[in-house]
Amino acid sequence: MVGGAADSSAREREVWQLLEGIPDPEIPVLSIVDLGIVRAVRQEADGRLRVAITPTYSGCPATDVIRCQVRAALDARGYADAVLEEVLSPPWTSDWLTSAGREKLRRFGIAPPEEAVSSPRQLRGSPAVSCPRCGSRETERVSEFGSTPCKAHYRCRACAEPFDYFKCL
Amino acid sequence: MILAATPAGADGQLQQAHSQYVLRLADTSLVLGQRLAEWIGHAPALEEDLALANVSLDLIGQARLLLTYAGELEGQGRDEDALAFLRDAPEFRNLALAEQPNGDFAHTIVRHWLIDAWQLEIYAGLERGVDTRLAAIAAKAIRETRYHYRFSSGWLVRLGDGTEESHERMQRALADLWRFTPELFTPDELDERMSAAGIAPSLAELAPRWSARVTEDVRLATLALPAAQPYPWHGKRGVHTEHLGYLLAEMQHLQRTYPGAHW
């Protein structure tokens, strides 16, 4: 049915837009779509909507909050019968951040990851990190761990500002 | 015990064994995560306080995924909270190494580094196993474990090859904790059954990889590996050191006092 397929893809687009309006609880400039947490929005043959999300870090406390926010947003939009499922595979990595999301992070003052997680420099734990304020590459790591599970702590040697780096995992 | 919800006979037995195996992995992550959380507000520097809290959170997150799965396999309606908060020490299946007290920072680092190196091998093996749920959890966890290992092995080398005092403390921690390492790679009947079923990796195959990594790190840290010692602890079979009971008393206090309480 051509009309049915068009309806369902219109509905899927509408739900994607709805989810783009849900901010990450820890980094509110990013939506959960920017973060790559939403894996799929599908209209199933039985008419129900299926939404798949994936956790970032295993222990990230924001995951529970995000699940509740997605459920509430779906309910409020009339999708109370939508199935919300959690998928683990393939695992989330910082590579799932969209390019729009990276730019939002930088403007917010958090350095986004610049290289893929499997790049040789990442694997040795010495990625190139640019200062989100002045753009200098003369930066140094203060701590591999920061205020939330997704961040490491850096300092710029050019402008002397401390800043957060979205860690690569 | 009534096992009505699980398949009867040989299949049911295998599923219970499978549940026990997943519980071992879960409990090691949970107990180590709880130990690291004890450092919050007490670590030697703010950065290390944050690091230990973050690593703890990752481990507890891994434990939640694994406990949920173990509960489903068991089929008696126990969820992650029931398994974490309403079991007594002999029902815990963690490695005895994980429950050892924090001691000084050297003991915490050595314990953590030994288990990080173990988890790296176990998770890599599980990723290749036939159990797709366990493989997905392992694929997620191993990324975090690599990050943890960089932290723990970094401190091992820095403190081992540091001052006279730090070197001596690291050597002492290694001597104190080494006796718990045979449990990491000594397979028992359950381990062998799981590896025969293709669910778990063979511990005998992983052991040399772990040994090579640990030996190299110890060399870089200018420390000396202690001699092999007898193996009287069987944490993964529920035979624990006295320390686990105290850890659980604190961790389970709220649920034991106010059963069913939630935020």
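First things first, this report covers the structure right here in the doc. Every chain is numbered on its own, with residues counted from 1 as its sequence reads. A letter from A marks each chain and a number from 1 marks each ligand, given out in the order of writing. Whole-chain, interface and lining totals are the exception, using all residues; otherwise, since this is a predicted model, local features are given only for residues with pLDDT of at least 70 and side-chain atom pairs are given and counted only at 80 or more. Hydrogens and water molecules were not included; the side-chain quantities draw on all heavy atoms of the structure.

1. Remarks on the sheet that holds strand E1 (residues 38–43) of chain A
All names here are of chain A. Strands are treated as partners if at least two bridges between them are detected by DSSP. Helix and strand assignments come from DSSP, with helices taken as H or I runs of at least 4 residues and strands as E runs of at least 2, each series counted from the N terminus. Spatially, E1-E2-E3 is the arrangement adopted by the three strands of the open sheet, whose pairing is mixed. In this open sheet, the two strands that pair with only one neighbour each are E1 and strand E3 (83–86). Going from strand to strand, the sheet's axes swing by 15° on average, the running direction of each strand aside. Note: E1 against strand E2 (residues 49–53), five bridges, orientation antiparallel. Along E2, the bridge assignment pairs Ala-40 with Ala-52. A contact between two residues is defined here by any heavy atoms of the two lying within 4.5 Å. Whenever a helix is involved, its axis is fitted only over the stretch in contact; in every case the axis is a line through C-alpha atoms, and angles between N-to-C directions fall within 0 to 180 degrees. Running over the sheet, helix H2 (residues 62–76) touches E2 and E3 and is turned about 160° from E3.

2. A closer look at helix H2 (residues 46–74) of chain B
To estimate how far a helix should reach, multiply one less than its number of residues by 1.5 Å. The end-to-end C-alpha distance of H2(B) is 41 Å, a good match for the 42 Å that 29 residues give at a rise of 1.5 Å each. Once H2(B) finishes, Gly75(B) follows within two positions and takes phi at roughly 75°, a positive value.

3. Focus: unusual backbone geometry
The omega angle of the peptide bond from Ser89(A) to Pro90(A) is -5°, so this bond is cis rather than trans. As for its position among the elements, Pro90(A) is in the loop between E3 and helix H3 (99–108). One non-glycine residue, Ala160(A), adopts positive backbone phi at about 70°. One can find Ala160(A) in the loop between strand E6 (151–156) and strand E7 (162–166). Only protein chains enter the area calculation, which uses a 1.4 Å probe; residues under 20% of their type maximum are buried, those over 50% are exposed, and those in between are partly exposed. Overall, Ala160(A) belongs to the exposed group, its relative accessible area being 56%. At Thr222(B), a position not held by glycine, the phi torsion is positive, near 55°. Among the secondary structure elements, Thr222(B) is positioned in the loop between helix H10 (203–220) and helix H11 (243–251).

4. Here we look at the packing of aromatic side chains
All names here are of chain B. Whether two aromatic rings pair depends on their centres lying within 6.5 Å, for rings of Phe, Tyr and Trp, where Trp uses its six-membered ring; planes under 30 degrees apart make the pair stacked, over 60 edge-to-face, and the rest tilted. One pass over the full model with this rule turns up ten aromatic pairs over all chains. Plain terms: the ring middles of Trp-39 and Phe-105 are 6.0 Å apart, the flat faces sit at 85° to each other, and that makes the pair edge-to-face. One end of the pair, Trp-39, is in the loop between helix H1 (9–37) and H2; the other, Phe-105, is in helix H5 (residues 105–127), with 66 residues separating them in the sequence. The class for Trp-39 is buried, based on a relative accessible area of 10%. Residue Phe-105 is classed as buried on the basis of its relative accessible area of 12%. Between Phe-185 and Trp-210 the ring centres are 5.3 Å apart and the planes differ by 50°, which places this aromatic pair in the tilted class.

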